[in-house]
Each structure stands twice: as structure tokens, then as C-alpha cells.
Amino acid sequence: MDNMQSLKRLDPLRGAVRSIVAGDLIKRFDEKGPQGAYEYTHEYLERLNIETDFVKKKDERFPLWRERLNTARGIMISNHPSLLDAPLLSQALTRDDAKLVVNQGLYKRVEGSSLQQMFIPAAKDSLSEAKEMISSIRSILSAGGLIWIFPTGGQEIDNGHSESLRFAPGFAHILNELSPEDMVYSFHINTEDLRPVSSALKINTSFLSGEFLPEELNIARRRDITRVRIDELYSSAKEWQDVLRGVGKKERNEALTKHYLEQFSLDKSELEVLSRG
């Protein structure tokens, strides 16, 4: 029996194992709050032999940037090439008031649990959902908190190619909620570094704990350590808001996407090369 057939036989187990992982995460959150959740995601990445390499660590501005990331009011953004991005980026956080905007499906999976307070459900279709999301964001920002969002809405995951990176309309609306002096902290996850586990991510085996996989399918034990490079940059909301000045509604998403890529000296042609390997 080949690996794919074995994985198909594991389909009924996936949901159960994800529930166990979610249960463990909720238990840790109940014990220690957000700090417990951050600790658990770190342990989870270790189980998969994945390490984060924050490439700006040696930059003299790095300590100040990280201090602001974990104390200042504002938003944190990143590209979203994989299902492991939230655990990867959580390694940069220590604050208790960071709220991650997630899709409705994920929010419903934790609804009713204590972990729910770490998330804000993204608006999907209705105007009422959009108003509720913006209201939640205003509340967090007014208390000096951090909104954590993937501006592409996961398009890179859906399409399987990093050149599909394009900001969704909702991000421009969130920018409008910021004061010019507020923080916009940007991350960029190196898509190429995730290739060693990309095939597993597509079939969700990365969400299976090592204890539940046969040896030949155990990602954590059959692969070398995967180091994922993550770049980052601190900026003000004013910088991003200035990008939108004089730009029509139809061009706003393209302008914001271009600004994000320029921050990391990337353009769409380079991303296409990375996606093809």
C-alpha cells in the first residue's frame, strides 16, 4: 500500500486528532492564557521539526521593533502561504491582547471555548458580519491592543502558488480604523523554505500529531529540521494610509499589495520564481 492510500485510510482519524490538538491547546490556554497558547504552538512546531529563523534578529533596530510589536497599538500582517503560518508567527508574540482575524470555519470550531477570545471572525458575505468585525476591531484598538490579520485572506493556500498574493478588500477598511501614528508590523514568510512540508500541508497531515502516524508517514521523524526564514518590518499606519491617497477603490488592493512586496524588495515576478522552485 503506497503512502497516499495509507493517508486515505487515515481520513476518519484526521478530525479526531485535530480535535485532540485543539483540546490540548484550549487546556493550555485555560491554564496560562495567551502565553500558554504561544508555548503550545512552539511545542507543536518542534514536534514537526520546524524552526523559525527571524532574519532581522541581528539588525540593531530589532529589539525596539519587537518591543513595539508587543506593546504598541496597531495591526500585524503577513503573507499566508501555508497552514502553519499562525503557529510560526506566534513565536514573535508575548502580549496578551493580540487578536487573530480568522475565517468563519475556524472560529466556529473554537466557539464556546476560552480560546475563542483570541480570535475575531472575518466577515464573509453579509454586511452585518462586516459591521460586527469592524466593531470588534475598534474595541480591541481602543483598548490599545493588536489586531493580527492575513490581508490576502488565504488566497495563497487556496491557489497553491505564492504569485497569487493579493490583498483582499477588507484590509483597506481596517487601515481606516487606525490613527496615523499606530503601528503596522509586517512579516514575510519565505515560501520556498516551506517546500519540505508543503505536500503534507496540502493534505493536512501536518495537523496530525506524531503519536498518531505510522513511522513512514510521521513528518516529525522522517524529515530533517526545516528552518523557515521570516522577514519583518515596523512601519506606521500613516505610511500605509498614504499609499491609498488618490487611489480609486478598484485599485486599492493592488496598491496595498505592491507596497507590501516593496517593503521586502519583492515583486510578483520574483514570487513566481519562488513558487515554481
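If you're wondering where the values come from, they're calculated on a predicted model, not measured in any experiment. (Residues numbered from 1 in each chain as written. Predicted model: local features only at pLDDT ≥ 70, side-chain atom pairs only at ≥ 80, totals over all residues. Heavy atoms only, no water.)

In this section: helix 4 (residues 62–69). Structurally, the α-helix is built with 3.6 residues per turn, so residues lying three or four positions apart point the same way. When we look at burial in helix 4, the residues that qualify are Phe 62, Trp 65, Arg 66 and Leu 69. All buried residues of helix 4 lie within an arc of 95 degrees about the axis, which places them on one face of the element. Looking at the buried side of helix 4, the elements it contacts are strand 1 (50–54), strand 2 (74–78), strand 5 (146–149), strand 6 (183–189) and strand 7 (226–236). (Buried < 20%, exposed > 50% of the residue type's maximum accessible area, 1.4 Å probe, protein only. Helix = DSSP H or I, 4+ residues; strand = E, 2+ residues; numbered from the N terminus. Arc of directions from axis to C-beta. Contact = heavy atoms within 4.5 Å.)

For the rest of this paragraph, the subject is the environment of Leu 100. By the element assignment, Leu 100 lies in strand 3 (residues 98–102). By relative accessible area, Leu 100 is classed as buried at 7%. As for Leu 100 and Pro 121, which are separated by 21 residues in sequence, their C-alpha atoms are 8.5 Å apart.

This part is about the sheet that holds strand 2. Ordered in space as 1-7-6-2-5-3-4, the seven strands form an open sheet in which the pairing is mixed. Bordering the open sheet on either side are strand 1 and strand 4 (119–121), each of which pairs with just one other strand. Strand-to-strand twist of the sheet, defined as the mean angle between neighbouring strand axes without regard to direction, takes the value 25 degrees. With seven bridges joining them, strand 6 and strand 7 adopt antiparallel strand pairing. When the bridges of strand 7 are listed, Met 183 appears paired with Ser 236. The strands that helix 13 (residues 252–263) touches are strand 2, strand 6 and strand 7; relative to strand 6, the one it contacts most, it runs at about 70 degrees. (Pairing = 2+ DSSP bridges. Axes fitted to C-alpha atoms, helices over the stretch in contact; angles between N-to-C directions.)

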